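Structure assessment
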Amino acid sequence: MTVFDLSGRTALVTGASRGIGRAAALLLARQGARVVLAARSEGLLDEVAGAVREGGGEAHAMALDLADHDSIPGAVRGLPSEFAAVDILVNNAGITADNLLARMTLDQWQRVLDVNLTGAFVLTKALVRGMMRRRHGRVVSVSSVAGVVGNAGQANYAASKAGLIGFSKSLARELLSRGITVNVVAPGFIETDMTAALPDGAGERFLEQHGLVRLGTVDDIAAAVLYLASDEASYVTGEVLSVSGGMT
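Residues numbered from 1 in each chain as written. Predicted model: local features only at pLDDT ≥ 70, side-chain atom pairs only at ≥ 80, totals over all residues. Heavy atoms only, no water.

Quick look at the pairing of strand 5 (residues 137-142) now. In terms of burial, strand 5 is largely enclosed, as six of its six residues are buried. Here strand 5 shows two buried faces, one formed by Gly137, Val139 and Ser141 and the other by Arg138, Val140 and Val142. Pairing of strand 4 (residues 88-91) with strand 5 involves four bridges; the strand directions are parallel. Following the sheet pairing, asparagine 91 is matched in strand 5 by serine 141. Read as a crossover between parallel neighbours, the route from strand 4 over helix 4 (residues 106-134) to strand 5 is right-handed. Where strand 5 lies against strand 6 (residues 180-187), six bridges are found, and the strand directions are parallel. (Buried < 20%, exposed > 50% of the residue type's maximum accessible area, 1.4 Å probe, protein only. Helix = DSSP H or I, 4+ residues; strand = E, 2+ residues; numbered from the N terminus. Pairing = 2+ DSSP bridges. Right-handed = clockwise from strand over helix to strand, strands pointing away.)

Spelled out as structure tokens, the structure:
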């Protein structure tokens, strides 16, 4: 028996064009899943799809704007037949618009919640009905330690990520009897394009402040996603898996 075997499963990963989403999609594909790669940037998605196919996997790139809520159900209905029965949903896409609360605009607040939380709600609702009919499914949402402990200057982002946790725990209870698990991965400080844009020395100061040995990698998070997407985690639901090097 192969551990973490996803052969015959179809996974849809949002934010799959880069960072955590890209790493998760590539790992799920290596374990046998067909992958639907969803993001706003089709050009970058084509590169990821090419990498999946080079490894012998199957991939479909789908342009998806999670801020355009009305377009999401139609995008799901438009999936090719061989990718239409989605067994694994990875809600990974997210944006930031950081500011101190006193300076944060309503637009900054709303844009982040529209993508990170409401977009995940609309997409999950569109896909979970099929999972219920098939009586099997995995929903894995990528939150953040900011949603657990908060972070100054990120009230909107932390609220959206905390909302994902509450949403997932509630949905897990709704779907207990349907063979569907719903879980959350909460990354800590991860080396991505987003953190690379921080001022010089910010990463080192963060490590020192929290007593961490190293920054996390996208592969650390992808491995957690794979576990929760697999049959090996069939008795795990409603949980938050912190992958943060001990921050929480």
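Looking now at the nonpolar core. Nonpolar side chains in soluble globular proteins tend to end up buried together. Among the nonpolar cores identified, the biggest contains 36 residues, and Leu28, Val35, Leu37, Val90, Val185 and Val225 are the most heavily contacted of them. For valine 185, the contacting residues outside a window of four places in its chain are Val140, Ser141, Val142, Ser143, Ser144, Ile221, Ala224, Val225, Leu228, Leu241 and Val243. Formed by 35 residues, the second largest nonpolar core is a distinct cluster that contains Val76, Leu79, Ala120 and Leu175. (Core = buried A, V, L, I, M, F, W, Y, C linked by side-chain atoms within 4.5 Å. Contact = heavy atoms within 4.5 Å.)

Right, let's talk about unusual backbone geometry for a bit. With a phi close to 60 degrees, phenylalanine 4 is a non-glycine residue in the positive phi region. Residue classification places phenylalanine 4 among the partly exposed residues on the basis of a relative accessible area of 27%. In this structure, arginine 135 takes a positive phi of about 55 degrees despite not being glycine. Positionally, arginine 135 belongs in the loop between helix 4 and strand 5.

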